[in-house]
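Structural overview
Each chain, written out:
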Amino acid sequence: MWRPFFQPYHLIIVQDGDPTKTIKVPEGFDYELYNRNDINRILGPKASCISFKDSACRCFGYMVSKKKYIYTIDDDCFVAKDPTGKDINALEQHIKNILSPSTPFFFNTLYDPYREGADFVRGYPFSLREGAHTAVSHGLWLNIPDYDAPTQLVKPKERNERYVDAVMTIPKGTLFPMCGMNLCFDRDLIGPAMYFGLMGDGQPIGRYDDMWAGWCVKVICDHLSLGVKTGLPYIWHSKASNPFVNLKKEYKGIFWQEDIIPFFQNVTIPKECDTVQKCYIYLSGQVKEKLGKIDPYFVKLADAMVTWIEAWDELNPATPAAENGKAK
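Note that the coordinates shown come from a computational prediction; the quantities given were computed from them, not determined experimentally.

Conventions and cut-offs
- Residues numbered from 1 in each chain as written.
- Predicted model: local features only at pLDDT ≥ 70, side-chain atom pairs only at ≥ 80, totals over all residues.
- Heavy atoms only, no water.
- Patch = residues over 30% accessible without salt bridge, like charges linked within 9 Å, V, L, I, M, F, W, Y side chains within 5 Å.
- Areas by Shrake-Rupley, 256 points an atom, 1.4 Å probe, with all protein chains shown as cover.
- Salt bridge = Lys/Arg side-chain N within 4 Å of Asp/Glu carboxyl O.
- Helix = DSSP H or I, 4+ residues; strand = E, 2+ residues; numbered from the N terminus.
- Axes fitted to C-alpha atoms, helices over the stretch in contact; angles between N-to-C directions.
- Parallel < 35°, antiparallel > 145°, perpendicular 65-115°, else oblique.
- Left-handed = near helix turned anticlockwise from the far one by under 90°.
- Contact = heavy atoms within 4.5 Å.
- Nonpolar A, V, L, I, M, F, W, Y, C, P; charged D, E, K, R; others polar.
- UniProt positions renumbered as here; feature names shortened; annotations may be inferred.
- Buried < 20%, exposed > 50% of the residue type's maximum accessible area, 1.4 Å probe, protein only.

A closer look at a nonpolar patch on the surface
Taken together, M1, F78 and W236 make up a surface patch of nonpolar side chains, about 320 Å² in accessible area. Looking at the element boundaries, W236 is found in strand 8 (residues 227-237).

Take a look at the structure:
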């Protein structure tokens with residue numbers, strides 16, 4: 001289903017779990033495939049920051065990519081259809097979202113003012129109409145919604161059939177639960193902050209990888225005056241994961257998020273942090289200091305955040321003209 005949409009582009013496949021298993025990629029795709037052995041070989045001791053047996057391992061692909069725009073998708077996501085029955089080109093819509101500005105500083109009630117048939121409404125300040133560079137485009141899902149385990153258990157048959165034809169900027173100062181199932185971002189603007197944390201094998205938590213990245217990304221985007229959009233495009237999410245397995249993974253996170261969210265709501269990044277890397281290193285220190293009191297896991301996570309940035313910088317030597325987070 002994805003062939004007509006993905007074949008023109010370079011694919012990076014990150015294999016989750018057992019590296020001795022062989023993934024057969026269909027003919028005709030330009031791709032790189034990495035398993036755990038490759039990650040260990042490329043990163044050496046720093047491979048400890050990449051999760052094992054968890055979808056969080058995808059962020060290794062972000063690190064080794066050499067492309068400006070990254071689109072990440074799960075293996076149970078298929079091409080959705082719009083209300084007219086036409087196949088949705090998710091990648092095309094994401095790139096449209098990324099290439100047009102965001103409006104994080106003032107909400108436009110007609111949603112995306114740069115879209116055909118829309119504009120800034122009466123009362124929208126002219127000084128803000130140029131908008132901000134868009135760093136992230138967060139897409140949605142038809143069929144199986146992205147619910148946590150308790151919601152899955154009480155609504156086992158619920159399906160998302162509502163196609164909402166809208167894209168909007170998430171306002172500055174507002175956090176959101178980012179889902180990595182259908183997500184696009186500008187690697188030059190925000191790449192080093194797209195770390196999906198320590199999850200899965202050997203960790204006390206899972207299924208918070210994309211959300212952790214989303215909280216870090218959003219506070220850094222707010223600090224650097226970058227935009228985050230959500231809405232179109234939709235993909236078709238084909239299967240629901242087991243709610244009992246999910247509950248086991250999410251159990252601690254459901255409690256911890258009541259402290260994690262206020263932490264991100266209240267954190268202030270200093271002005272001298274003018275690149276994504278500097279912002280992220282500062283955040284890691286705050287995570288260790290403030291969230292480390294909740295559980296030793298957060299001390300380990302804070303250290304892994306630093307290791308991630310070190311590994312990113314090793315694989316992506318910065319040039320003075322292209323420091324991450326500085327709008328070109």
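Thoughts on the packing of helix 8 (residues 243-266) against helix 9 (residues 276-291)
Relative to each other, helix 8 and helix 9 sit at 135°, their axes nearing to 11 Å. Comparing their axes, helix 9 and helix 8 come out oblique. For the element pair helix 8 and helix 9, the recorded crossing hand is right-handed. Where helix 8 abuts helix 9, its residues D259, I260, F263 and F264 lie against L283, Q286, V287, K290 and L291. Here the contact of helix 8 with helix 9 is composed, by residue class, of 6 nonpolar, 1 polar and 2 charged.

Some remarks on the UniProt feature "glycosylation site" (unreviewed entry) in the protein
Within this numbering scheme, the UniProt entry marks R122 as carrying the feature "glycosylation site" (unreviewed entry). Relative to the helices and strands, R122 is located in the loop between helix 4 (90-99) and strand 5 (134-143). The class for R122 is exposed, based on a relative accessible area of 86%.

Quick word on the UniProt feature "site: Required for activity" (unreviewed entry) in the protein
UniProt's entry tags R122 and R129 with the feature "site: Required for activity" (unreviewed entry), counted in the numbering of this structure. Topologically, R129 is positioned in the loop between helix 4 and strand 5. Sequence-distant contacts of R129, that is, excluding residues within four places in its chain, are made with Y114, F120, V121 and Y124.

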